[in-house]
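# Structural characterization, general
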Amino acid sequence: MSNATTQKFKGTPGQIRNARIERAGAIVIGAIALVWILANIIKSPEQFAQVTVLGLRNGLLYALIALGYTLVYGIIELINFAHGDLFMLGTLFSSYFLSVWLKQQNSSPTGWAAFAACLLLVMVFGAVINVLIERLAYRRLRNAPRLAPLITAVGMSFLLNFIGLKWNGSTPRQWPTVIPSFDVHIFGVRINMVTIILFFIGVPLLLGLNFIVNKTKQGKAMRATAQDKDAAALMGINVNKTIAFTFALGGAMAGAAGLFYQQAIGTTNYNLGFQLGLIAFTSAVLGGIGNLWGAVVGALLIGLIQGLNDGLPIALGQQWSQSVVFTILIIILVFKPAGLLGKVTTEKV
Amino acid sequence: MSTMLDVKNIEVAYGKIVAVKDVSLTVNKGEIVTLIGSNGAGKSTTLRTISGLIKPRSGEILFEGNRIDGVPGHDIVGMGICHSPEGRRIFPRMTVRENLELGAFLRNNKAEVAADFERVLTLFPRLKERVEQRAGTMSGGEQQMLAVSRALMGSPKLLLLDEPSMGLAPVLVEMIFETITKIREQGITILLIEQNANAALEVADRAYVLESGNVKMSGKATDLRKDDAVTKAYLGH
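Because the structure is a prediction, the values reported are computed rather than measured.

All names here are of chain A. The pLDDT averaged across chain A works out to 89; a share of 96% of its residues lies at or above 70. Across chain A, the secondary-structure element scoring lowest on mean pLDDT is helix 1 (residues 3-8), at 53, and the one scoring highest is helix 10 (residues 239-265), at 96. When the criterion is pLDDT under 50, residues 1-5 qualifies, and its contacts beyond four places in sequence or with other chains add up to 1 contact. Counted against residues more than four places away or in other chains, residues 345-349, with its pLDDT under 50, gives 8 contacts.

The partner chain A presents 20 residues to the 27 residues of chain B that form the contact. Carbon and sulfur atoms make up 58% of the area that chain B and chain A hide from each other, which totals about 2300 Å². For the pair chain B and chain A, the number of links is 5 salt bridges. We note a salt bridge from Arg48 of chain B to Asp230 of chain A, for which the minimum N-O separation is 3.3 Å. One can count 7 residue pairs in polar contact (both at pLDDT 80 or more) joining chain B with chain A. Those elements giving two or more residues to the side of chain B that touches chain A turn out to be helix 2 (73-79), helix 3 (96-103) and helix 6 (140-152) of chain B. Sorting elements by how many residues they give to the side of chain B that touches chain A places helix 3 of chain B first, with 4 residues.

Residues and elements named next belong to chain A. When its volume is computed, the second largest pocket comes out at roughly 750 Å³. Along the wall of the second largest pocket there are 24 residues; nearest its centre are Ile29, Ala33, Ile305, Ile328 and Ile331. Broken down by class, the residue content of the lining of the second largest pocket amounts to 19 nonpolar, 4 polar and 1 charged.

A few words now on the side chain of Gln306 of chain A. Summarising the element assignment, Gln306 of chain A is placed in helix 12 (residues 292-311). Note on Gln306 of chain A: relative accessible area 10%, which makes it buried.

As paired strands, strand 2 (residues 183-186) of chain A and strand 3 (residues 189-192) of chain A are joined by 4 bridges and run antiparallel to one another. Within strand 3 of chain A, the residue paired with His185 of chain A across the bridge is Arg190 of chain A.

The next subject is the domain arrangement of chain B. Residues and elements named next belong to chain B. With domains assigned, chain B is organised as domain 1 (1-76 + 158-164 + 191-237) and domain 2 (81-155). Domain 1 and domain 2 are separated by 24 Å when their C-alpha centres are compared. Opposite the 16 residues of domain 1 that make contact, domain 2 presents 11 residues. Buried area between domain 1 and domain 2, summed over both chains or domains, comes out near 1100 Å², and the portion from carbon and sulfur atoms is 60%. Summed over the three residues of domain 1 that lose the most area to domain 2, namely Leu159, Leu160 and Asp162, the buried surface amounts to 36% of that side. Where domain 1 packs against domain 2, one counts 0 salt bridges. Linking domain 1 with domain 2 are 6 residue pairs in polar contact (both at pLDDT 80 or more). Listed by contribution, the elements that provide at least two residues to the side of domain 1 that touches domain 2 are helix 1 (43-50), helix 2 and strand 7 (158-162). Looking at the side of domain 1 that touches domain 2 element by element, the count peaks at 5 residues for strand 7.

Moving on, we come to the packing of aromatic side chains. Any two aromatic rings considered together are summarised by their centre-to-centre distance and by the angle between their planes. Residues and elements named next belong to chain A. Following the criterion strictly, the structure yields 9 aromatic pairs over all chains and no others. Where Tyr138 meets Phe247, the ring centres are 5.9 Å apart and the plane angle is 45°; that geometry is what we call tilted. Taken together, the residues span a long stretch of sequence, with Tyr138 in helix 5 (residues 109-138) and Phe247 in helix 10 at a distance of 109 residues. Here Tyr138 matches Phe247 in class, with each residue buried.

Here is what the cut-offs are and how they apply
- All residue numbers refer to position in the chain's written sequence, counted from 1.
- For this description, chains carry letters from A and ligands carry numbers from 1, given in the order in which they are written.
- The model is predicted, so local features are restricted to residues of pLDDT at least 70 and side-chain atom pairs to those at 80 or more, both for listing and for counting; the totals for chains, interfaces and linings are taken over all residues.
- Note that the side-chain values use all heavy atoms of the structure and ignore hydrogens as well as water.
- The predictor rates its confidence in each residue with pLDDT, a number between 0 and 100.
- Counting from the N terminus, the helices are the DSSP runs of H or I reaching at least four residues and the strands are the DSSP runs of E reaching at least two.
- Contact between two residues is taken to exist if any of their heavy atoms lie within 4.5 Å; hydrogens are not considered.
- Buried area is a sum: the accessible area each of two parts loses on coming together, probed at 1.4 Å, counted once for each and added.
- Between Lys or Arg on one side and Asp or Glu on the other, a salt bridge is scored when a side-chain nitrogen of the former is within 4 Å of a carboxyl oxygen of the latter.
- Identification of polar contacts relies on pairs of N or O atoms within 3.5 Å, with a donor-acceptor requirement for protein atoms, meaning one able to donate a hydrogen and the other able to accept it, and with residues adjacent in sequence counted only if both atoms are side-chain atoms.
- Cavity means a closed set of points on a 1 Å grid over the protein atoms alone, one where a 1.4 Å probe fits but cannot get out, pocket means an open set with protein on both sides within 12 Å along at least 5 of 7 lines, and lining means a residue has an atom within 4 Å of a point.
- Grid points are joined across faces, edges and corners, and a volume is the space filled by probe spheres set on the points.
- Polar here means any residue other than Ala, Val, Leu, Ile, Met, Phe, Trp, Tyr, Cys and Pro, which are nonpolar, and Asp, Glu, Lys and Arg, which are charged; Gly is therefore polar.
- For every residue, the accessible area (1.4 Å probe, protein chains only) is compared with the maximum for its type, and the residue is labelled buried under 20%, exposed over 50%, or partly exposed between those bounds.
- Two strands are said to pair when DSSP picks up at least two bridges between them.
- Domain start and end points were adopted from an automatic or database domain assignment.
- The criterion for an aromatic pair is that two Phe, Tyr or Trp rings (for Trp, the six-membered ring) have centres within 6.5 Å, with stacked assigned to planes under 30 degrees apart, edge-to-face to planes over 60 apart and tilted to the rest.

Pasting the structure below:
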């Protein structure tokens, strides 16, 4: 079979027709979105910019959590349902560390130092808990039928949830912030300090993670383990250690997200993990689960869509927020089942 | 000749299914030893046990005088046993270069690794044209060459080859066996599994015939080729 003929073959007539329908559908949906955005920009450009910044900030928060889902799924094909609850524990740890243990109630140099220390500690906290979960529960089930680790992950989620309930209490709690409360105005757009700090720390975290996975030896071990565990062991890679390291990375990101959320929103709740975890997991699927940049793109997109829908003058408004997000998720997955950046890989066996 | 690998009465089971009942074998330094036998005779399981992917239920494995049964697989590589597994098991979504680099995962001397990289590409010129190609998109024969090359990148004292000729066109089979001889000339000891018993016995010094988890026969490769029972069961002429 020559290459020339295989390249010219574009599918059966049915496949070609379906591809055309898909393309037409994508264009129609894209056009509707464009018209909606343009209408809003014309109506109120400042509000549009304001809402965009807010949406992207939330998207960045989602991205930090989504990476934990996508990393773990990438390496052991497990949806770690407990991950959202790990994030929730991160918010509680940050609250107690800053406000109760160190008694930092307002913005001051000691408060900022406490914030920096908290960032480090909450990342260690998230990493340690995630590694413990893997070590105690998931590792033993690695070769079990796939439903067993999945149900265990659901169980772990409840366990962490109840730890959060004991720790935080059953009602939402409001906490003071140690971040300066002044706003920066850029072209009439008001950006608060928390948002700026979130971008200046969150973006390097994402880049650093990408560097670890793609450029370091440890990252190479992760990618090899993800593809074939036995073959990785035959290369001299310690598979257990590599998987534990992956959980540690994901946990550290969730911990950092916990601190940022606690400082940006100020409210903690024991069931926060379910809400944000679901959104973050959705982001990971939307971007193509197992793909790092996919998770980031998916999360920013969802944050942005939510932000625009909640804050724009011509939109469905906050009560429709989840419906809009999931409608878009379904539409995108219908056209691209592997997610935005996910690839349907064809491999020779 | 000194004994490099000494497998003593190992028994290996997957759950309740006993795959290897009682296998003993030795490999001397500089030899090519082959295990022949039909499907399910326990050949691959024996190799997987030597490289630490499975622990034997009983018995001992000694490599250069040290016990290695029970040592995890990733530590055995560092001792100098590299394994080109059944079904190739290359990393399909990585390039040929990345696969070869992973073969040298435990080695820290960059100059030596670079020299070995050139050496395996000289051994398999086909791979040279494809260093930046994704391994999963190559043909079966090329993937096999990559699997062998990747094992060589670990700088093995003992190379375990599991069915390197499986599913290959006859001309490639011949080429693979020629390469095996070349690898031995570089001072690497080889333990080879083959269903293509004819070709295996041609390159090997000694052979073991496995049958349902036991060593049925062993001896010099030249003697086994003349043996009536072996001829009938495995050589087909």
